Amino acid sequence: MKLQTLVWRELFERKSQMLTCFLAILLGITTVVAIKNVTHYSEKAVAREMDSLGANVLVLPKSVTLQDYYSADMHDEVIPEEYVMRLTLSDIEGVDNLSPKLHVPVEVGGRGFALTGILPKSEFQAKAAWAGAGIFARPIGCGAIDVGAEPEPEDKKTLVRNRVIKDLGSHEILIGSDVAALQGIAEGDSLTLLGEPFSVVAVLPETGTVDDSRIFGHLHTVQRLSGKGEVVNCIEIVGCCKEIAAGLVDGVNKLLPDAKVVTVKQVVATQQNVNGMMERLSVIFLAIIVVVGGAGIANYMYSNVFERRREIGTLMALGAESGLVLRIFLLKALLLGLAGGIGGYLLGTVLAVALGPRLAGVPVLPMPVLALWAVGISAGITLVASCFPARRAARLDPVATFQEI
Amino acid sequence: MLRMEDVCKSYRHRGQVVQALDGATVAIARGDFVSVVGPSGSGKSTLLLMLGGMLSPSSGRVLLEGESIYDLPSDGRARLRKKNVGFVFQTFNLVPYLTALENVQVPMYLAGVDEKSQRERAAALLQRVGLGDRLDHKPAELSVGQQQRVALARMLANDPALILADEPTGNLDPETADQIIGFFEQFNDEGRTIVMVTHDPRAAVRARRTLRLSDGRIVDETRGGRALHVA
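Residues numbered from 1 in each chain as written. Chains lettered and ligands numbered in written order. Predicted model: local features only at pLDDT ≥ 70, side-chain atom pairs only at ≥ 80, totals over all residues. Heavy atoms only, no water.

## A closer look at the sheet that holds strand β2 (residues 16-28) of chain B
Adjacent strands of a sheet form backbone hydrogen bonds with each other and so pair up, either parallel or antiparallel.
All names here are of chain B.
Stage number 1. One open sheet accounts for four strands, arranged β2-β1-β4-β5; its pairing is antiparallel. Whereas interior strands pair on both sides, the edge strands pair on one side only; in this sheet they are β2 and β5 (67-68).
Stage number 2. As defined by bridge partners, strand β1 (residues 2-13) adjoins β2 across nine bridges and the pair is classed as antiparallel. Looking at β2, one finds that V7 is bridged to A24.
Stage number 3. On the sheet, helix α1 (residues 44-51) packs against β1, β2 and β4 (59-64) and is oriented at approximately 125° with respect to β1. (Pairing = 2+ DSSP bridges. Helix = DSSP H or I, 4+ residues; strand = E, 2+ residues; numbered from the N terminus. Contact = heavy atoms within 4.5 Å. Axes fitted to C-alpha atoms, helices over the stretch in contact; angles between N-to-C directions.)

## Quick notes on the pairing of β1(B)
Residue and element names in this part refer to chain B.
Stage number 1. Across five bridges, the pairing between β1 and β4 is antiparallel. Across the sheet, the residue bridging to M4 is V62, located in β4.
Stage number 2. Here β1 folds back onto β2 in antiparallel fashion, the turn holding two residues, of which R14 has a positive phi close to 50°.

## A closer look at the nonpolar core
Looking at soluble globular proteins, one finds that nonpolar side chains tend to be buried together.
Stage number 1. Of all hydrophobic cores here, the largest spans 51 residues; its most connected members are I312(A), I328(A) and F329(A).
Stage number 2. When contributions to this core are tallied by element, the ones reaching two or more residues are α1 (3-13), α2 (15-51), α11 (265-307), α12 (309-317), α13 (322-359) and α14 (369-394) of chain A together with α3 (100-110) of chain B.
Stage number 3. Among the elements that take part in this core, α2(A) stands out by supplying ten residues, more than any other.
Stage number 4. Residue contacts for F329(A): discarding those within four places in its chain leaves M301(A), N304(A), V305(A), R308(A), I312(A), A390(A) and A393(A).
Stage number 5. In terms of nonpolar packing, the next biggest core, distinct from the first, is built from 38 residues, V104(A), L191(A), F198(A) and I235(A) among them. (Core = buried A, V, L, I, M, F, W, Y, C linked by side-chain atoms within 4.5 Å. Buried < 20%, exposed > 50% of the residue type's maximum accessible area, 1.4 Å probe, protein only.)

## So, helix α5 (residues 144-156) of chain B
Stage number 1. Across its 13 residues, α5(B) extends 19 Å between first and last C-alpha, which sits within 8% of the 18 Å expected from 1.5 Å per residue.
Stage number 2. Of all 13 residues that make up α5(B), twelve are buried, and the element is covered over most of its length.
Stage number 3. Buried residues in α5(B) make contact with α12 of chain A together with β6 (85-88), α3, α4 (115-128), β7 (162-166) and α6 (174-189) of chain B. (Expected span 1.5 Å × (residues − 1).)

## Looking at a nonpolar patch on the surface
Stage number 1. A contiguous nonpolar surface patch, about 440 Å² in accessible area, is contributed by I284(A), I288(A), V290(A), V291(A) and V292(A).
Stage number 2. Mapped onto the elements of the fold, I288(A) is located in helix α11. (Patch = residues over 30% accessible without salt bridge, like charges linked within 9 Å, V, L, I, M, F, W, Y side chains within 5 Å. Areas by Shrake-Rupley, 256 points an atom, 1.4 Å probe, with all protein chains shown as cover. Salt bridge = Lys/Arg side-chain N within 4 Å of Asp/Glu carboxyl O.)

## Some details on the packing of aromatic side chains
Stage number 1. For the structure on display, the rule yields four aromatic pairs over all chains.
Stage number 2. Measuring from ring centre to ring centre gives 6.1 Å for F184(B) and F187(B), while their planes differ by 70°; the resulting arrangement is edge-to-face. Taken together, the positions of F184(B) and F187(B), both in helix α6 and three residues apart, correspond to about one turn of that helix. Assigned by exposure class, F184(B) and F187(B) land together as buried.
Stage number 3. Taken together, the aromatic side chains of F183(B), F184(B) and F187(B) make up a single cluster linked through ring pairs.
Stage number 4. In this structure, R309(A) packs its charged tip against the face of F306(A), placed 4.0 Å from the ring centre. (Phe/Tyr/Trp six-rings, centres within 6.5 Å; stacked < 30°, edge-to-face > 60°. Lys NZ or Arg CZ within 6 Å of the ring centre and 35° of its normal.)

## Details of the interface of chain B and chain A
The figure often quoted for interface size is the accessible area lost as the parts come together.
Stage number 1. Opposite the 28 residues of chain B that make contact, chain A presents 27 residues.
Stage number 2. For the pair chain B and chain A, the summed buried surface comes to about 2,700 Å²; carbon and sulfur atoms form 61% of the total.
Stage number 3. Looking at the side of chain B facing chain A, the largest losses of area belong to M54(B), Y97(B) and Y109(B), adding up to 27% of the total buried there.
Stage number 4. At the surface where chain B touches chain A, the tally comes to four salt bridges.
Stage number 5. A salt bridge links R79(B) to E321(A), with the shortest nitrogen-to-oxygen separation between them at 3.0 Å.
Stage number 6. Linking chain B to chain A there are twelve residue pairs in polar contact (both at pLDDT 80 or more).
Stage number 7. Secondary-structure elements contributing two or more residues to the side of chain B that touches chain A are α1, α2 (74-84), α3 and α4 of chain B.
Stage number 8. When residues in the side of chain B that touches chain A are grouped by element, the largest group, six residues, is from α3(B). (Buried area = accessible area lost by both parts, 1.4 Å probe. Polar contact = N/O pair within 3.5 Å; in protein donor to acceptor, adjacent residues only side chain to side chain.)

## What to know about the pairing of strand β3 (residues 33-37) of chain B
All names here are of chain B.
Stage number 1. Most of β3 is tucked away: five of the five residues are buried.
Stage number 2. As judged from the four bridges shared by β3 and strand β9 (residues 209-214), these two strands associate in the parallel manner. Bridge assignment links V34 to a residue of β9, and that residue is R209.

## Let's talk about the confidence of the model for chain A
Stage number 1. Scored by pLDDT, chain A comes out at a mean of 79, with 77% of its residues at no less than 70.
Stage number 2. For the stretch residues 126-153 of chain A, pLDDT sits under 50, and the model shows 40 contacts to residues farther than four places along the chain or on other chains. (pLDDT = per-residue confidence, 0-100.)

## Section: the environment of Y97(B)
Stage number 1. With respect to the secondary-structure elements, Y97(B) resides in the loop between β6 and α3.
Stage number 2. A sequence separation of 41 residues divides Y97(B) from K138(B), and the C-alpha atoms of the two residues are 6.7 Å apart.
Stage number 3. When neighbours within four sequence positions are excluded, Y97(B) is seen to be in contact with L6(A), R9(A), E10(A), E13(A), R308(A), E311(A) and K138(B).
Stage number 4. There is a polar contact of 3.3 Å between the side chain of Y97(B) and the side chain of R308(A).

## Side note on unusual backbone geometry
All names here are of chain B.
Stage number 1. At F92, a position not held by glycine, the phi torsion is positive, near 70°.
Stage number 2. With respect to the element layout, F92 can be found in the loop between β6 and α3.
Stage number 3. What makes F92 buried here is its relative accessible area of 4%.
Stage number 4. A positive phi is found at D215, a non-glycine position, where the angle reads about 50°.
Stage number 5. Within the secondary structure layout, D215 lies in the loop between β9 and β10 (217-223).
Stage number 6. Overall, the relative accessible area of 61% leaves D215 in the exposed class.

## Some words on the pattern of salt bridges
Residues and elements named next belong to chain B.
Stage number 1. Evaluation of the coordinates by the stated rule reveals 28 salt bridges over all chains.
Stage number 2. R209 serves as the salt-bridge partner of D32, at 2.9 Å between the closest nitrogen and oxygen. Residue D32 is found in the loop between β2 and β3, and its partner R209 is found in strand β9; the two are separated by 177 residues along the sequence.
Stage number 3. A residue is classified by how much of its surface remains accessible, and D32, at 2% relative accessible area, is buried.
Stage number 4. For D200, the salt bridge goes to R202, with nearest N and O atoms at 3.8 Å.

## Topic: α3(B)
Stage number 1. Among the eleven residues of α3(B), eleven are classified as buried, and the element is accordingly described as predominantly covered.
Stage number 2. Taken together, the buried positions of α3(B) are A100(B), L101(B), E102(B), N103(B), V104(B), Q105(B), V106(B), P107(B), M108(B), Y109(B) and L110(B).
Stage number 3. Tucked into the core, α3(B) has its buried residues touching α1, α12 and α13 of chain A together with α2, α4 and α5 of chain B.
Stage number 4. Taken from the residues just after α3(B), G112(B) is the one with a positive phi, measuring 85°.

In structure tokens:
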């Protein structure tokens, strides 16, 4: 005979009550695990989608409006290029993809186009490391879902999607699709701009934006040719949606008080709404589980104590101390909690993996970390809900043993 | 061994004060076998509960081996019961979901005896009360007489010096009751002190002496047929 035997045998003595209580915990935990699992992958999928849309935060000179930037494409106001370094060296999360730009008008074949100077990522990363930022300990990327796809080989054309390219020589240029079509320029051709020869390393695919009528060159070359010094017209940031929601714009505003920071609010708001709704749903379900499940368990435990008062009294008459009686009920609660938590995690994960793709349209994988979470919540609820009933049992008057019940 | 000194117990019931015990003084020597008789509500069970450290008196003292048991905290009294006292109940109070063997193991588990020794001693005790072939039966699978014998085996588990029995034959037919009282006589012969509350005159007369209670007072004491056995 040991404590576990005593508790285990009693559990199965009142099977129907125990099963009802167990099912309540199991279904509650199953629901929350399934929602949390699907939500996690849905958020990641949405974030990935959003991140692929392009720049969503712009750092502009104070006097320039977003309207000016998009409608006129070009403006004369500038901000120091040093702002890029400040951003890179700051501890703001979510500014991994920075793209400083300087536009100057150029003429090709008698038509006017914009020559946009861009800074390859490799250069400001190297600068940052040299300036003491270490080896970029900050995680790069937005934590988008990895669906097992092969990483894309580095291609100059990724500029279209990522707004940033890794390397670009000082006399290399990328040509927008309209420029290429109008002027009959192909990859490998040479072009003279502002009196200097450039080789065309890529023709960018059509985007349907002003980028199609732009020519992209190295920022420092464009700065030198335009004679404007170390300045840029804007810094585009492909901010991670999660970080934008968490206040990235405020962070950049504080860091660069003399610049204007704007974000594509509508896009971010959509993401925030979706994420917020899922989060709220999961919190609501959790609250329901805690309240309804907890009340159910407390009720079950109270009636269990009431039914067993004679047995408890007998144990006390035989010499059981109050601490042992307390342990009998708390161990029972813990066993129910553990079983409910483990079962709920397994069932919830199966549901999420099976139904996630149909309901949320995203692939869902099991999340082992939710097992700890499920067991913790489940055992926590059952233990807390059983505290008062167990205390009542421990303080029961053993005299009840002698009275006819 | 056991002394009650001017013990009173009163409690309120529906606004009225009920005097369950009124100035009870009694001394019970080691090896004594005392039966307590009296009409319902005369305070018999209250007296037994007080001797077992389960119900504190309103005034007066109860001493076990010279120690005032109600000066101990409730867990201290539980330890005292575990070590010295064996209870027998009218309705047996066996744990329904445990087998006969496991029921007898419970007091030993509470006393911290290892599992192997628990099983060996529990089997020997059940053998002694004639239930060697019912070790794995649950209470519901046993007759009332057999259940009371399991309860006797459980009571003996920690080898108590004092046995407190509340109407141990109250639910039994005369033949089985006779058998159970026979066991009590054996336990008394082993030197154990027994206090037995009973309504059954045939059981009461087999004790060494009989205390008669009425309205919470000990009104009479008669000697029975048994000689005092001192171990």
